[in-house]
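# Inside the fold
So the chains spell out like this:
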Amino acid sequence: MRFLRYKSSGNVYYGWSHEHLVGHVDGNIFGDFRRMEANMDIDEIKLSYPVLPSKIICVGRNYATHAAEHGVEVPDIPMLFLKPPSSIIGTKESIVLPPQSNQVEHEAELAVVIGKQGRWIKPDETDDYILGYTIANDVTARDLQRRDGQWTRGKGFDTFCPIGPWIDTEFDPADALITCKVNNEVRQMASTRDMVFPVSHLIAFASSIMTLMPGDLLLTGTPAGVGILNPGDKVEVEIEGLGILSNTVMK
Ligand code: MG
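Residue numbers run consecutively from 1 along every chain, following the written order of its sequence. Whole-chain, interface and lining totals are the exception, using all residues; otherwise, since this is a predicted model, local features are given only for residues with pLDDT of at least 70 and side-chain atom pairs are given and counted only at 80 or more. The side-chain values count all of the structure's non-hydrogen atoms but skip hydrogen atoms and water molecules.

What follows deals with the overall build of the protein. Helix numbers and strand numbers start at the N terminus; a helix is a DSSP run of H or I with at least 4 residues, a strand a run of E with at least 2. Tallying secondary structure elements over the protein gives four helices and 19 strands in all. Here's how the labels work: a residue is buried when its accessible area is under 20% of the maximum for its type, exposed when over 50%, partly exposed in between, all with a 1.4 Å probe on protein chains only. Burial status across the protein gives 53% buried among its 251 residues. For the protein, the computed accessible surface area is about 11300 Å², with 49% contributed by carbon and sulfur atoms. Charged residues are defined here as Lys and Arg on the positive side and Asp and Glu on the negative side; His and the ends of the chain fall outside this count. Lys charges are placed at NZ, Arg charges at CZ, Asp charges at CG and Glu charges at CD. Seen as two clouds, the 23 positive and the 33 negative side-chain charges of the protein have centres 6 Å apart. Working definition of accessibility: Shrake-Rupley area with a 1.4 Å probe, residue cover restricted to the visible protein chains.

Here a strand pair is declared whenever DSSP counts at least two bridges between the two strands. Pairing of strand S2 (residues 11-18) with strand S3 (residues 21-27) involves four bridges; the strand directions are antiparallel. Looking at S3, one finds that histidine 18 is bridged to leucine 21. Taking the residues between adjacent antiparallel strands as the criterion, S2 and S3 are bridged by two residues, where glutamate 19 takes a positive phi near 50°. As paired strands, S3 and strand S4 (residues 33-41) are joined by six bridges and run antiparallel to one another. Its bridge partner lying in S4, glycine 27 is registered against phenylalanine 33. Following S3, the chain reverses through five residues before pairing antiparallel with S4.

Listed in full, the buried residues belonging to helix H4 (residues 199-207) are Val199, Leu202, Ile203, Ala204, Ala206 and Ser207. Should any heavy atoms of two residues lie within 4.5 Å, those residues are considered in contact. Tucked inside the fold, the buried residues of H4 contact strand S6 (56-60), strand S7 (79-83), strand S11 (108-114), strand S12 (130-137) and strand S17 (217-219).

Here we take up the packing of aromatic side chains. Paired rings are identified among Phe, Tyr and Trp, the last through its six-membered ring, by centres lying within 6.5 Å, and are further divided according to the angle between planes into stacked (under 30 degrees), edge-to-face (over 60) and tilted (the rest). Applying the stated criterion to the full structure yields five aromatic pairs. On the basis of an interplanar angle of 90° and a centroid distance of 5.3 Å, the ring pair of phenylalanine 3 and phenylalanine 33 is categorised as edge-to-face. In this pair, phenylalanine 3 is assigned in strand S1 (residues 2-8) and phenylalanine 33 in strand S4, connecting sequence segments 30 residues apart. Taking 4.9 Å as the distance between ring centres and 65° as the angle between the ring planes, the aromatic pair formed by phenylalanine 81 and tryptophan 151 counts as edge-to-face.

Here a donor is any nitrogen, oxygen or sulfur atom (N, O, S) within 2.8 Å of the metal, with 3.2 Å used for Na, K and Ca; water is not among the atoms considered, so some sites may look incomplete. Taken together, Glu107 (OE), Glu109 (OE) and Asp138 (OD) make up the full set of protein donors to the magnesium ion, lying 2.0 to 2.1 Å away. Coordination of the magnesium ion draws on donor residues from a single chain, spaced E-x1-E-x28-D in sequence. Pair noted here: glutamate 109 is in strand S11 and aspartate 138 is in the loop between S12 and strand S13 (140-141), with a separation of 29 residues, a long-range link. Grouping residues by exposure puts glutamate 109 and aspartate 138 together as buried.

The next subject is the pattern of salt bridges. Opposite charge on two side chains allows them to pair when their charged atoms are near. In the sections that follow, a salt bridge refers to a side-chain nitrogen of Lys or Arg positioned within 4 Å of a carboxyl oxygen of Asp or Glu. Using the criterion set out here, one finds 12 salt bridges in the structure. The shortest N-O distance in the salt bridge between lysine 83 and aspartate 138 comes to 2.6 Å. Linking lysine 83 in strand S7 with aspartate 138 in the loop between S12 and S13, this pair joins segments that are 55 residues apart in sequence. Residues lysine 83 and aspartate 138 agree in their burial class; the two are buried.

Encoded structure:
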């Protein structure tokens, strides 16, 4: 099933989609809910980002190819960092290049949406804590990331976390192709099977540090091919079986 959020007369509502049709969701997608009739055309509604998390946990260097392009080693335990929820935008919204940076880059990533509160989750029990998956772009001001030595500024600007277009509850993360195109030119392409630490390991590890809450996001790292974004660019992250997250870039 696919959950999304849509805008209607100034409000945002949860919905569910089946092919091109969308229905309203009554209740809480993390608890009790009821799916209403799918009677809206997806092309005629405005989508919002599909979830507003209490935190966005990210993983650095989780694909050996990406670590290699920056000349760094793959870590022996997951290297976590956080992005602020205020960095989130939805599909079709604009990534705004901040004046402090001359090198803002895309990072195409698979994102896990947590469905249930958990701490010290065992690797073989992580499926019980996952609501589903969505697509993310871990937009990064590479020059600021390098200069600061830690990543809060380079990763934390408003609009630096496009997510969407929906949450898919049946997606299988074992071997899905991630593609990033900028102005229709392929920049990144790799399979999720190439992750250094798989989803179950990342959730178990993160939950050994902090309590995971319903709606929290875990971004699973980016493969090789990250590159610069310029004003006017159209950046599309596609994950096989999940859909396409599309954003424009502006100054
Ligand atoms: Mg990243």
